[in-house]
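Structural overview for review
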Amino acid sequence: MSLFDLFKTGNPGVKAYRTHAAANRLNDAGKVAESEARYAEAMELYQQAEAAGENSPKILTGFCVLLMRDGQYARAKDIIVKIFPDRTLTPDDKYHLRINHAVCQWKLGYIDKALEDMTKAAEFAKIGLYYTVMGAILVDKAHQEGDYAAAEAFMQEAMEYDDEDISTIDNMGWLNYYQQDVDAAKARFKQAIAMNARYSPALAGMAAIAHDLGRDDKAREYVNRALEVHFPTTSPVNRAWTEELKKTIG
């Protein structure tokens, strides 16, 4: 059954899906408070639909995405595993589910398993989403292990694919920051913020740089702006890290 057919049948998950889509539109329009209220409404509706036995892979995928946004990666991963064998899924559907599974693995601490997922995804296609997620994972791995060769090589490929993609620019900024190339990191973060003044990972990066340079007044400004909005799931840094940075800044 197509999603259009589900809309016609009054399936209980449809309202959740529609509310989720409305929240995305509000968020894209910069209406943060309104979008967060709709996201919360969508989450409640998805939970009700799941309890009622919802089994549409399209709707459950939407639920999975919102769970990831909420930081509930273990639960999102379980849903992906549940729906992945569904025969109605297209190869493109499975591609996106595999990448979402990689994000869950990464955020749950299984970074090598996440990279296995991404390697399989690359066999199907290398598009913007692939470069965003793979870049963030490799930058994070490089930071954890102190070996930047793989991240450097991949980020060069990502920049060649699209050097105007905000997440790629931000990933490069974090790679530069972790390598202590402050000027390059600052340039990347500023470029991302010029594209989207509410881009939280880049704002957090600017806060970290300002703090490192002893400019805590400026650091507070940036960190507070970063915490006003949601953090994307596909970033080397998250809200918890930024909240700790705020405590450090004082």
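Look up a bit, the structure's there.
A few points on the structure.

Definitions and limits used
- Residues numbered from 1 in each chain as written.
- Predicted model: local features only at pLDDT ≥ 70, side-chain atom pairs only at ≥ 80, totals over all residues.
- Heavy atoms only, no water.
- Helix = DSSP H or I, 4+ residues; strand = E, 2+ residues; numbered from the N terminus.
- Rg over C-alpha atoms; globule rule 2.2 N^0.38 Å.
- Buried < 20%, exposed > 50% of the residue type's maximum accessible area, 1.4 Å probe, protein only.
- Areas by Shrake-Rupley, 256 points an atom, 1.4 Å probe, with all protein chains shown as cover.
- Lys, Arg positive; Asp, Glu negative; His and termini not counted.
- Charge placed at Lys NZ, Arg CZ, Asp CG, Glu CD.
- Core = buried A, V, L, I, M, F, W, Y, C linked by side-chain atoms within 4.5 Å.
- Contact = heavy atoms within 4.5 Å.
- Axes fitted to C-alpha atoms, helices over the stretch in contact; angles between N-to-C directions.
- Parallel < 35°, antiparallel > 145°, perpendicular 65-115°, else oblique.
- Left-handed = near helix turned anticlockwise from the far one by under 90°.
- Nonpolar A, V, L, I, M, F, W, Y, C, P; charged D, E, K, R; others polar.
- Expected span 1.5 Å × (residues − 1).
- Salt bridge = Lys/Arg side-chain N within 4 Å of Asp/Glu carboxyl O.

Within the protein chain, the regular secondary structure consists of 14 helices and zero strands. From first element to last, N terminus to C terminus, the protein chain shows the α and β order α-α-α-α-α-α-α-α-α-α-α-α-α-α. For the protein chain, the C-alpha radius of gyration of 19 Å lies close to 18 Å, the compact-globule estimate for 250 residues. Taking the principal axes of the C-alpha coordinates as reference, the protein chain spans close to 60 × 40 × 30 Å. Counting over 250 residues, the protein chain shows a buried share of 47%. Here the protein chain displays about 12300 Å² of accessible surface, and carbon together with sulfur accounts for 49% of that area. Here the protein chain contributes 30 positive and 37 negative side-chain charges, whose respective centroids are spaced 5 Å apart.

Moving on, we come to the nonpolar core. Membership of the largest hydrophobic core comes to 78 residues, with the highest contact counts inside it found for Met118, Tyr130, Ile137, Phe154, Trp174, Tyr177 and Phe189. Sorting elements by how many residues they give to this core places helix H8 (residues 128-145) first, with nine residues. For Tyr177, the contacting residues outside a window of four places in its chain are Ala185, Phe189, Ala208, Ile209 and Asp212.

This part covers the packing of helix H4 (residues 57-69) against helix H6 (residues 91-107). It is the contact of H4 with H6, at a shortest axis distance of 11 Å, that shows an interaxial angle of 25°. As far as their axial angle goes, H6 and H4 are roughly parallel. Where H4 crosses over H6, the two elements pack in a sense that is left-handed. Residues Lys58, Thr61, Val65 and Met68 of H4 lie in contact with H6, whose contacting residues are Asp93, Leu97, Asn100, Val103 and Cys104. Partitioning the contact of H4 with H6 into residue classes produces five nonpolar, two polar and two charged.

What follows is about H6. The periodicity of an α-helix, 3.6 residues per turn, causes residues three or four positions apart to be oriented the same way. Taking 1.5 Å per residue as the helical rise, H6 with its 17 residues ought to reach 24 Å, and the 24 Å between its terminal C-alpha atoms agrees with that figure. Among the residues of H6, Asp93, Tyr95, Leu97, Ile99, Asn100, His101, Ala102, Val103, Cys104, Gln105 and Trp106 are the ones counted as buried. Turning to H6, the residues buried within the fold contact H4, helix H5 (73-83), helix H7 (111-124) and H8.

If you walk through the whole model with that rule in mind, you get ten salt bridges. Notably, a salt bridge pairs Lys247 with Glu244, separated by 3.3 Å at the nearest N-O pair. One end of the pair, Lys247, and the other, Glu244, are both in helix H14 (residues 239-249), three residues apart, so they sit about a helical turn from each other. Overall, Glu244 belongs to the partly exposed group, its relative accessible area being 45%. A single network of salt bridges, built from pairs that share partners, joins Asp112, Lys141 and Glu145.

Mapped onto the secondary structure, Gln105 falls in helix H6. With residues near it in sequence (within four places) discarded, Gln105 still touches Lys77, Tyr110, Ile111, Lys113, Ala114 and Asp117.

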